[in-house]
Amino acid sequence: MFLSMNWISDFVDFSGLDKVELIHQFSLSTAEVENEIFFKGKDLSGVVVAEIKSVEDHPESKKLHLLKVDIGEDELVDVVCGAPNVRVGMKTAFAKVGAQIGDITISPRKLAGFTSNGMCCGEAEIGISDDNSGIMEITDDVANGTDLKDIYEIDDIIFEVDNKSLTNRPDLWGHYGIAREFASLAGRELKPLELEDLSAYDDLSKVDLKIEDKLCYRYSCLQFENIKRSVSPVNMRIRLYYCGMRAINFLADLTNYLMLEMGQPMHAFDSRKVGAIRVKRFDKPFKFETLDGVERNIDENTLMICNGDIPVAIAGIMGGLDSEIVEDTTTLTLESATFDAASIRKSTVRLAHRTDASMRYEKSLDPEMTVTAVARFVKLLKKYDDGVKVVSALTDEYAFKYDTVTLSFDKSFVDKYTGINISNEQIVKTLTSLGFEVELENDSFKVIVPSWRATKDVTIKADIIEEITRIYGYDNFEVHTTRSPLYPVRMDDVKLDEDKIKDILVKRYNLHELHSYVWAYSDEQKALGMEVEDNIKLSGATNPNIETIRKTMIPTQLCQVKTNVGYSPDFGIFEIGRVVEGVDENNLCIEKKKLAITLYSKTKGIKSLYFELRDILATFTDDLKHKALGFKPKKAEHSFEHPVNLYEIELDGKTLGEIGIVHPVVSKKIDKKADIVFAELDMEEFSSVKNASITYSEPSKFPPMTYDLSVNLPNGTFFAELSQCWENVGGEILSGTRIVDTYDTELIHSITIRFEFVSKERTLESGEVQSIMDKVIENLNKLGVTLRG
């Protein structure tokens, strides 16, 4: 939002103060000011009021004219001008020889054979509007030769405030609210707004008005006749242009001017087209054409302003084309209202149309401001169009009032939270300057929050501390170490496991941690051959690419892999993030925290890459839980899963997630020459598994014996199933088993198992080991496992 220091100066006397320094103070205390401050009019000089005394057509050009203009000097000046609106007697802006307009210095110049000793200027050329339809027409009674800067507010300081920093401050969406902040910072008085006394019209009949929906909090209106003026005053147009709005016509400009001044949007209807005002919603959807000529779909949740049953405006967003102010409008019905902020915000999203008015309504405007804005409108309307006539009494329906917020605290509360000694007088002065009512008794304060701060901003005592300290100046605080009790906080198990797993994945395996959003990006997934699975969707999403929340993180990671394939032939990524797996019986999202790991390689075989991922999972599980993972075959449920070598990951009887290979259709679209594997674990399930206690045993002083057994496995047989063949056979001397080698062909799947034997009491004999192994082989044969020849 752009703000004008000239406008703010209407309400605060800045004499003797550095305005730029005040802007910097405002940025530190109130709202973030963007870096660049604009000094309007700084690059303009030598432009004066000139009167056209004669106009002749150029003998060789249909567009050019030969003018003689009076610039208040002894002789008339010859000028060549191509503007279509030149005429004798017209006063305009004239750049004399030597004048500066931006980077251009005006000098005598020949145009089509005639010398032009200066230039008649349009408003766009001198930077006070975007109107370049012709030269500027000056209708004010000013002497020829008067410097344009002496009669119009061309010199100004404009600064831009980041709208995000005003989200919780609806009172700062207009110059008067900003002026209140500047007055407090500068220690100067805030001048009151000049208002019309609306009670003078109480004897007139009221407007036919009825609020039929609770989404309208307050609606105030007034009717006028005999409006003659159609073009806004120059200074009004300049302020609107400097603050990012274009001039339209006097009535439209005046409502926009009041919106920028007070933060209260207003709308002017042509009274010929609005009689009985009704504020309501409709039962059925319909189409409605707005002022911008766009036909919009209105649903049953959108609040409308109606003329009886005929809609004439979308409440809080934009008026209708059929009731707009036009050139011949002489009667108007003025609307000043407040609406439910959430309703306006949702309507703008549904309509995909956000306006300057709706941005303000979304911030919870103060309903007390509607009548004040009407009184200000009448004051300015009469100032610039003295023949206007008010033809109705103020009609005001107040359907919803915010509660008055009263806060009590003492001096010790302020001292505790600020850490500095701010006097009672300074506290009272600060709060009073910001519009708060303050009662002080001894060291106890009772503060009544002004209505413009009570809609959602100041609600608790801590908010008062913020008001005091920001005006005092955060940069005035002394830096020192605070004294307060510190209590140890133990992280929950899930967070502890997360941090340890991240350390292992990064430090030991050189994986890259990524962060992503919860959306299932449909465009990116479809490009890789993965359909977006049906899941929870964002209501009213404006972008269909991000309307569905993901069920699994693997598609997200595959899209990230696709983005990074050109940077390295081998890499791994991981993320601990959120997914949603449908809704529960209360219709609430079932949110899960998952660990997803994806490995990509052009140099390693799929088997090597797969077992590398398995080893990663086994390593951090052993480090954190001191337990071994189990694996069980799983059927493919997602389009990215290869049905072969897809397994559930189990720990302590709980299913944690899955490990698998990316489906060839997807993998080829990422990189035809690479292999990709993935794993996904439920972090909450993982953390719920209790750590196994670490036990220590004294190593035997007798030598161990090992026995390697190479066997052929039937298709579909897994190592975990073989343990039953030796669990009750080896007795105490069988200390462990492990796979030491594998051999695979299209027909054969063979592994070598190493059996380790040791006794703590004696040296083992080969015969007793062999007898155990004979029983193991016999049991293996029963499962169809044979010795490899």
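This section reports on the structure supplied with the text. Just so it is clear, the model here is predicted, and its values are computed rather than measured. The residue numbering used here restarts from 1 in each chain and proceeds along that chain's sequence as written. Predicted model: local features are reported for residues with pLDDT of at least 70 only, side-chain atom pairs are reported and counted for 80 or more only, and whole-chain, interface and lining totals are derived from all residues. No hydrogens and no water enter the side-chain calculation; it runs on all heavy atoms of the structure.

What follows covers the overall build of the protein chain. We count a stretch as a helix when DSSP gives it H or I for four or more residues in a row; a strand needs E for two or more, and each element gets its number in order from the N terminus. From N to C terminus, the protein chain includes 20 helices and 37 strands. Only C-alpha atoms enter the radius of gyration, while the globule expectation follows 2.2 Å times N to the 0.38, with N the number of residues. Against the compact-globule benchmark of 28 Å for 789 residues, the protein chain has a radius of gyration of 39 Å, which places it well outside the compact range. Projected onto its principal axes, the C-alpha coordinates of the protein chain cover approximately 130 × 80 × 60 Å. Under the scheme applied here, a residue whose accessible area is under 20% of the maximum for its type counts as buried, over 50% as exposed, and between as partly exposed, the area being computed with a 1.4 Å probe on protein chains only. Within the protein chain, the fraction of its 789 residues that count as buried is 47%. Here the accessible surface of atoms and residues is derived via Shrake-Rupley with a 1.4 Å probe, and residues count as covered only by protein chains that are part of the display. Of the roughly 40,000 Å² that the protein chain leaves accessible, carbon and sulfur atoms contribute 48%. Averaged over its 94 positive side-chain charges, the protein chain has a centre that lies 3 Å from the centre of its 131 negative ones. Charge assignment: positive for Lys and Arg, negative for Asp and Glu; neither His nor the chain ends contribute. To locate a charge, take NZ of a lysine, CZ of an arginine, CG of an aspartate or CD of a glutamate.

Attention now moves to the sheet that holds strand S15 (residues 277–280). Through backbone hydrogen bonds, the strands of a sheet pair up, either in parallel or in antiparallel fashion. Here we have five strands laid out as an open sheet, ordered S12-S15-S18-S19-S20, and mixed in their pairing. The open sheet has two free edges, formed respectively by strand S12 (209–211) and strand S20 (318–319), since each of these has just one partner strand. In the sheet, S12 pairs with S15 via three bridges, with the strands oriented parallel. If you follow Leu 209 over to S15, its bridge partner there is Ile 277. Two strands qualify as a pair provided that DSSP identifies no fewer than 2 bridges between them.

All right, on to the pairing of strand S16 (residues 286–289) then. In terms of strand pairing, S16 meets strand S17 (residues 295–298) through four bridges, oriented antiparallel. Residue Glu 289 lies in a different strand from S17, and its bridge partner there is Glu 295. The antiparallel hairpin formed by S16 and S17 contains five residues in its connecting segment, where Gly 293 sits at a positive phi of about 80 degrees.

What follows deals with empty space enclosed by the protein. Cavity and pocket criteria rest on a 1 Å grid covering protein atoms alone: a 1.4 Å probe that fits but cannot get out defines a cavity, protein on both sides within 12 Å along at least 5 of 7 lines defines an open pocket, and an atom within 4 Å of a point defines a lining residue. Grid points are joined across faces, edges and corners, and a volume is the space filled by probe spheres set on the points. If you walk through the whole model with that rule in mind, you get two cavities of 30 Å³ or more. If you add up the space inside the largest cavity, you get close to 160 Å³. Along the walls of the largest cavity sit 14 residues, with Pro 170, Asp 171, Met 262, Met 369 and Trp 452 positioned nearest its centre. The element contributing the most residues to the lining of the largest cavity is helix H4 (residues 175–186), with three residues. Three classes are used, and their members are as follows: Ala, Val, Leu, Ile, Met, Phe, Trp, Tyr, Cys and Pro are nonpolar, Asp, Glu, Lys and Arg are charged, and the others, Gly among them, are polar. For the lining of the largest cavity, the class distribution of residues is six nonpolar, five polar and three charged. For the second largest cavity, the calculated volume is near 110 Å³. Taken together, 16 residues form the lining of the second largest cavity, with Gln 525, Glu 533, Lys 551, Thr 552 and Pro 555 sitting closest to its centre.

To continue, consider the pattern of salt bridges. It is possible for side chains of opposite charge to pair when their charged atoms get near one another. The rule for a salt bridge is simple: a side-chain nitrogen of Lys or Arg has to be within 4 Å of a carboxyl oxygen of Asp or Glu. Overall, the coordinates contain 48 salt bridges when judged by the stated rule. With its nearest N and O atoms 3.0 Å apart, the salt bridge here joins Asp 623 to Arg 508. Here Arg 508 lies in helix H13 (residues 493–508) and Asp 623 lies in helix H16 (residues 606–625), a separation of 115 residues in the sequence. Asp 623 sits in the partly exposed class, given a relative accessible area of 34%. The residue Arg 762 makes a salt bridge to Glu 768 at a minimum N-O spacing of 2.6 Å. Residue class for Glu 768 comes out partly exposed when judged on its relative accessible area of 22%.

What follows deals with the sheet that holds strand S28 (residues 570–583). Here we have seven strands laid out as an open sheet, ordered S27-S28-S29-S33-S32-S31-S30, and mixed in their pairing. The open sheet has two free edges, formed respectively by strand S27 (512–513) and strand S30 (630–633), since each of these has just one partner strand. As paired elements, S30 and strand S31 (residues 647–651) share four bridges and run antiparallel to each other. Each residue of the ladder has a partner; that of Gly 630, found in S31, is Glu 650. Docked against the sheet, helix H15 (residues 554–564) engages S28, strand S29 (589–601) and strand S33 (675–682), running at close to 35 degrees with respect to S29. Packing against the sheet, H16 makes contact with S29, S30, S31, strand S32 (654–661) and S33, and its axis sits at approximately 25 degrees to S33. Here, two residues are considered to be in contact whenever any of their heavy atoms come within 4.5 Å of each other. To obtain an axis, a line is fitted to C-alpha atoms, over the contacting stretch when the element is a helix, and the angle between two such axes runs from 0 to 180 degrees between their N-to-C directions.

This part is about the layout of surface pockets. The space that makes up the largest pocket amounts to roughly 1,500 Å³. Looking at the largest pocket, it is lined by 38 residues, and the ones nearest its centre are Phe 611, Arg 614, Tyr 647, Phe 718 and Phe 719. When contributions to the lining of the largest pocket are tallied by element, the ones reaching two or more residues are H16, S30, S32, helix H19 (719–722), strand S35 (734–744) and strand S36 (749–757). Of all the elements, H16 adds the most residues to the lining of the largest pocket, at eight residues. A per-class count over the lining of the largest pocket returns 23 nonpolar, nine polar and six charged. The space that makes up the second largest pocket amounts to roughly 790 Å³. Considering the residues around the second largest pocket, the lining is formed by 31 residues, among which Ile 248, Asn 256, His 267, Leu 291 and Met 318 are closest to the centre. Looking at the lining of the second largest pocket, the elements that each hand over two or more residues are helix H6 (250–262), strand S14 (266–270), strand S19 (310–314), S20 and helix H8 (356–361). A class-by-class count of the residues in the lining of the second largest pocket yields 18 nonpolar, eight polar and five charged.

Take the buried residues of types Ala, Val, Leu, Ile, Met, Phe, Trp, Tyr and Cys, join any two whose side-chain atoms come within 4.5 Å, and each joined set is a nonpolar core. In terms of nonpolar packing, the biggest core is built from 112 residues, with Phe 159, Phe 182, Tyr 219, Phe 224, Ile 305 and Phe 339 touching the most fellow members. Among all residues touching Phe 159, those that are not within four sequence positions of it are Met 1, Phe 2, Leu 3, Met 5, Ile 8, Ile 23, Phe 26, Val 33, Ile 37 and Phe 182. Formed by 29 residues, the second largest nonpolar core is a distinct cluster that contains Leu 505, Ile 576, Ile 649 and Ala 679.

So, on to H13. To estimate the expected span of a helix, subtract one from its residue number and multiply by 1.5 Å. Taking 1.5 Å as the rise per residue, H13 with 16 residues should run 22 Å; its terminal C-alpha atoms sit 22 Å apart, in good agreement. Every buried residue belonging to H13 is among Val 494, Asp 497, Glu 498, Ile 501, Ile 504 and Leu 505, and all of these are buried. End-on view of H13: buried residues confined to an arc of 135 degrees, all on one side of the axis. A positive backbone phi angle near 60 degrees is found at Asn 510, which sits one or two residues after H13. What the arc covers is the set of directions going from the helix axis to the C-beta atoms.

Let us now look at the side chain of Lys 634. Note on placement: Lys 634 falls in the loop between S30 and S31. A polar contact is formed between the side chain of Lys 634 and the side chain of Glu 658, at a distance of 3.1 Å. Sequence-distant contacts of Lys 634, defined by excluding residues within four places in its chain, comprise Glu 641, Leu 646, Tyr 647, Glu 648 and Glu 658. As used in this structure description, the phrase polar contact means that two N or O atoms lie within 3.5 Å; if the pair is within protein, one of them must be able to donate a hydrogen and the other to accept it, and residues adjacent in sequence are counted only when both atoms belong to side chains.

You can see His 638 is positioned in the loop between S30 and S31. Taking relative accessible area as the criterion, His 638 reaches 17% and is therefore assigned buried. With 623 residues separating them in the primary sequence, His 638 and Ser 15 have C-alpha atoms 71 Å apart. Within the local environment of His 638, its side chain forms a polar contact with the side chain of Glu 533, the two groups lying 2.5 Å apart.

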